[in-house]
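Structural overview
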Amino acid sequence: MNRMALGTLLGLGLVTAAIAVAEQGSDVYAQHTTPAAPGPAVAAGSELIVVPTSLGEKGQMLTVVDPRQRVLSVYHIDLSTGKISLKSVRNIQWDLQMADFNNAEPTPRQIQSQLEQR
């Protein structure tokens, strides 16, 4: 998928999230709609990837990935107040260089060793 299409998707995701939060903060509801199915999107003019996730009536979680800087951020949005809270930020550069972590056996290295013995 080219950058322009990914940018458009993220822009739509951010706009959808902003509208959902704005609608939840309103005192009058003409109609309460179900948000669109979550999916990754990329912000227009940037390379950020945003994945919205519903937390039910509690709110929404936005996971933002900056692939260029290899940083992952997680935000929670309280639907009753519209408050956005940063929950965590992590540089994943070193995480992505690990072959395996916290896995049950067989590990990827064990599988590779077995395949190389053939």
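Report on the accompanying structure. Predicted, not measured: the structure shown is a model, and the values here were computed from it.

Conventions and cut-offs
- Residues numbered from 1 in each chain as written.
- Predicted model: local features only at pLDDT ≥ 70, side-chain atom pairs only at ≥ 80, totals over all residues.
- Heavy atoms only, no water.
- Helix = DSSP H or I, 4+ residues; strand = E, 2+ residues; numbered from the N terminus.
- Buried < 20%, exposed > 50% of the residue type's maximum accessible area, 1.4 Å probe, protein only.
- Contact = heavy atoms within 4.5 Å.
- Polar contact = N/O pair within 3.5 Å; in protein donor to acceptor, adjacent residues only side chain to side chain.

For the rest of this paragraph, the subject is the overall build of the chain. From N to C terminus, the chain includes two helices and five strands. For the chain, the succession of helices and strands along the chain, N to C, is α-β-β-β-β-β-α. Counting across all 118 residues of the chain, residues that qualify as buried make up 21%. Summarising the internal contacts of the chain: among those between residues at least 6 apart in sequence, 24% fall at separations of at least 24.

Attention now goes to the side chain of Asp66. Its place among the elements puts Asp66 in strand S3 (residues 59–66). Here the side chain of Asp66 touches Arg68 through a polar contact of 3.1 Å, landing on its backbone nitrogen. Excluding residues within four positions of it along the chain, Asp66 makes contact with Leu48 and Val71.

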